[in-house]
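Descriptive structure summary
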Amino acid sequence: MTKAVFSIPSINCEPVKSYSPKSKERNELIKEYDQMMNRVIDLPMIINGKKITSKKKINISPPHNHKHIVAYCHYGNQKDVKKAILACLEAKQNWKDTSWEHRAAIFLKAADLLAGPYRQKINAATMINQSKNAHQAEIDASCELIDFLKFNVKFLNEIYSKQPESSNGVWNRMEYRPLEGFVYAITPFNFTSIAANLCLAPVLMGNTVIWKPSDSQTYSAKIIMDLLKDAGLPNGVINLIHSTPEDANKVILNSPEFAGLHFTGSTKVFKSLWKEIGKNISKYTSYPRIVGETGGKDFIISHRSANVDEVVTAIIRGGFEYQGQKCSAASRIYIPKSQWAKIEKKLISEMKTIKVGDPRDFSNFVNAVIHKNSFNKLKSVIKKAKKDKKAKIIFGGEYDDSIGYFIEPTIILTNDPNYDTMKNELFGPIVTIYIYNDIDFEKTLRLIDKTSDYALTGAIFSKDREAIIKATNILENAAGNFYINDKPTGAVVSQQPFGGSRASGTNDKAGSYLNLLRWVSPRTIKETFVPPKNYKYSFLKKNS
Ligand code: NAD
């Protein structure tokens, strides 16, 4: 029993390490990377704390070296999914009754383990499994995940402190119960931190979770499970399954105890899941919470007053870091005619300095795209653009999958603002630019708002406050994360809560208290100290 109102330790964002030549962190990371590349491990499912193996194994290879095997992932079936549900339900009672400071302590311990002994393990695993360079792995798998672990504790504390008013003779209380049943977390390949947080946010609030990671993130998923075990997370609180989506959905979405979906991935998959949940709605004990963060077609608009170097840097970092495989990646760019000559010159000369290749070589800014399907899709977009009259490739356009899935960073110039690559998410290192007449700035803002179904991130570059105000107003619903004079990627937990609307998701803002609220079902308790002993109110009495 808790015998005090505890305050939590002070919480700050994790500083990003530099990985500069000869730094301690660089040496440690290289050592860990080489060890992982030179051994082959098993990636079993983990149900109720037990490692579950299977005869069906999938080879896991780095996207930048696809013939080299680093692990075998054990693929389960519907029986394993059923076991995972049982494990969730069995673990639930104890976990929800574990007082919040102990749940929080496990999270804070995991954050410190990740900042220390696990840092280079998770970074190396993310570099190998998802082809991220050292910096991209550090800001995702280490810093962002440490921030999620710590700040969620702060948000929980704030939520639990929010209590209703009480009048004389009454004490009103609010309890933030976890959902009844279990939560299904379906996670994407592109951020180790997001994958972990989709499980951890519901778990901190007292829920238990079935975690189905992307087939392309199973190696770093194993390190997360190791970390949480070391931090003391009880068995059965997170149950990791590897299976086809069909097997998992069939069992989970037909289960009466299915209480919520925490999804990040493509819009198409999210919509199909929503439909299936809707179809099954009368089977469930409660209305399931559906939280999904999905695709983006993120923009940068430069106003004629913008600084050219700043715009070029934002295009390169925003568009090509992690091969454009961030949901927030800038992929449609609007430049005023008066600036184009200068921007083009600077952009092309900077692009020529970008190196593409294996993340083990720290000089590579761009690495491989995630898998063969993605490589083939991007290749066909480039091939089409090469033939198309509406498009001109002004940089890049080469590809090579002989060793890894490498796509050269590519810039397309189009004279059609509704060209395919201005509208549809590609999820690769391809950026499309449209030139507008300076006097059409406002018209172009309206065009941006209507061009794509998505509304995730976007940026305006300008030194003119009037232009900034106009863009902020006209683009009100075009992005859930809007940037003024900054690239549209790189949201930080607690600083820029993340999520978009329209086809980009339910906008439940990961990295803020708003997301945690989706994983609780509050109970209001009214306690009356001296209850009335007679039903008759005074108004019932006659005037005498
Ligand atoms: P994806 O949709 O292909 O897969 C996401 C997850 O869904 C994976 O675990 C996959 O196995 C699973 N899945 C696929 N089909 C399924 C089905 N029918 N039923 C259940 N699960 C199914 O996405 P991805 O390629 O892993 O990730 C890229 C996508 O994620 C992009 O569209 C990107 O914009 C989006 N994303 C969005 C955010 C955000 O915060 N808005 C963040 C990261 C990624």
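Residues numbered from 1 in each chain as written. Predicted model: local features only at pLDDT ≥ 70, side-chain atom pairs only at ≥ 80, totals over all residues. Heavy atoms only, no water.

Let's talk about the packing of helix α5 (residues 134-161) against helix α6 (residues 192-204)
Contact pair α5 / α6: the axes reach a minimum separation of 9 Å and the direction vectors enclose 20 degrees. By the criterion of interaxial angle, the relationship of α5 to α6 is roughly parallel. In this structure, the crossing between α5 and α6 has a hand that is right-handed. In contact with Asp-140, Ala-141, Glu-144, Leu-145, Phe-148, Leu-149, Asn-152, Val-153 and Leu-156 of α5, α6 contributes Thr-192, Ser-193, Ile-194, Ala-196, Asn-197, Leu-200, Ala-201 and Leu-204. (Axes fitted to C-alpha atoms, helices over the stretch in contact; angles between N-to-C directions. Helix = DSSP H or I, 4+ residues; strand = E, 2+ residues; numbered from the N terminus. Parallel < 35°, antiparallel > 145°, perpendicular 65-115°, else oblique. Left-handed = near helix turned anticlockwise from the far one by under 90°. Contact = heavy atoms within 4.5 Å.)

Topic: the side chain of Glu-138
Looking at where Glu-138 falls in the secondary structure, it is placed in helix α5. Engagement of the side chain of Glu-138 in a polar contact is seen with the side chain of Tyr-19, the distance being 2.6 Å. What Glu-138 contacts, discounting residues up to four positions off in sequence, is Pro-15, Val-16, Lys-17, Tyr-19, Arg-119, Asn-123 and Cys-143. (Polar contact = N/O pair within 3.5 Å; in protein donor to acceptor, adjacent residues only side chain to side chain.)

Some thoughts on helix α3 (residues 100-115)
For α3, with 16 residues, the first-to-last C-alpha span of 22 Å sits near the 22 Å given by 1.5 Å per residue. By the burial criterion, the buried members of α3 are Trp-100, Glu-101, Arg-103, Ala-104, Ile-106, Phe-107, Leu-108, Ala-110, Ala-111, Leu-113 and Leu-114. Buried residues in α3 make contact with α2 (78-97), α4 (119-130), α5, α6 and α7 (218-231). (Expected span 1.5 Å × (residues − 1). Buried < 20%, exposed > 50% of the residue type's maximum accessible area, 1.4 Å probe, protein only.)

Some words on the side chain of Asp-416
Secondary-structure assignment places Asp-416 in the loop between β17 (410-414) and α13 (420-423). Using a relative accessible area of 16% as the deciding quantity, one classes Asp-416 as buried. At 2.8 Å, the side chain of Asp-416 forms a polar contact with the backbone nitrogen of Asn-418.

Some words on the packing of helix α10 (residues 308-320) against helix α11 (residues 337-351)
When two helices pack together, their arrangement is given by the angle between the helix axes and by the axis-to-axis distance. Here α10 crosses α11 at 50 degrees, and the two axes come no closer than 9 Å. Judged by the inter-axis angle, α10 sits oblique to α11. Viewed along their axes, α10 and α11 form a crossing whose handedness is right-handed. Contacts from Val-308, Asp-309, Val-311, Val-312, Ile-315, Ile-316 and Phe-320 in α10 reach Gln-339, Lys-342, Ile-343, Lys-346, Leu-347, Glu-350 and Met-351 in α11. Of the residues belonging to the contact of α10 with α11, the class tally is 9 nonpolar, 1 polar and 4 charged. (Nonpolar A, V, L, I, M, F, W, Y, C, P; charged D, E, K, R; others polar.)

Considering the environment of Lys-51
Positionally, Lys-51 belongs in strand β3 (residues 50-52). Lys-51 sits in the exposed class, given a relative accessible area of 66%. For the pair Lys-51 and Ile-300, spaced 249 residues apart in sequence, the C-alpha separation works out to 46 Å. Sequence-distant contacts of Lys-51, that is, excluding residues within four places in its chain, are made with Pro-44 and Met-45.

Some points on the sheet that holds strand β5 (residues 71-74)
Within a beta sheet, neighbouring strands are joined by backbone hydrogen bonds and run either parallel or antiparallel to one another. Across the sheet, 3 strands lie side by side as β1-β5-β4; this open sheet has mixed pairing. Since the sheet does not close on itself, it has two edges, and those belong to β1 (41-43) and β4 (57-60), each with one partner. With strand direction ignored, the average angle separating the axes of adjacent strands in the sheet is 30 degrees. With 3 bridges joining them, β1 and β5 adopt parallel strand pairing. Residue pairing for β5: Ile-41 is matched across the bridge by Ala-71. Lying over the sheet, α7 contacts β1, β4 and β5, oriented at roughly 85 degrees with respect to β1. (Pairing = 2+ DSSP bridges.)

So, the site of the ligand
Around the ligand sit 26 residues, and of these Thr-187, Asn-249, Ser-266, Thr-294 and Glu-425 come closest. Contact distances for the ligand include 2.7 Å between an oxygen atom and a backbone N or O atom of Thr-187. Compared with its free state, where it exposes 840 Å², the ligand has 85% of that area covered by protein. When contributions to the shell around the ligand are tallied by element, the ones reaching two or more residues are α8 (245-252), β10 (258-264) and α9 (267-279). (Near = heavy atom within 4 Å. Areas by Shrake-Rupley, 256 points an atom, 1.4 Å probe, with all protein chains shown as cover.)

Focus on the packing of aromatic side chains
This structure, assessed with the given rule, holds 12 aromatic pairs. Aromatic pair Tyr-160 and Tyr-176: ring centres 6.0 Å apart, planes at 10 degrees, arrangement stacked. One end of the pair, Tyr-160, is in helix α5; the other, Tyr-176, is in strand β6 (residues 170-178), with 16 residues separating them in the sequence. Judged by centre distance (6.1 Å) and plane angle (45 degrees), the rings of Phe-375 and Tyr-405 are tilted. Here Tyr-405 lies in the loop between β15 (399-400) and β16 (406-407) and Phe-375 lies in helix α12 (residues 372-387), a separation of 30 residues in the sequence. Across this residue pair, the class does not change: Phe-375 and Tyr-405 are buried. Pairwise contacts between aromatic rings join Phe-182, Phe-258 and Tyr-284 into one cluster. The ring of Tyr-118 is capped by Lys-121, whose NZ or CZ atom sits 4.9 Å from the centre of that ring. (Phe/Tyr/Trp six-rings, centres within 6.5 Å; stacked < 30°, edge-to-face > 60°. Lys NZ or Arg CZ within 6 Å of the ring centre and 35° of its normal.)

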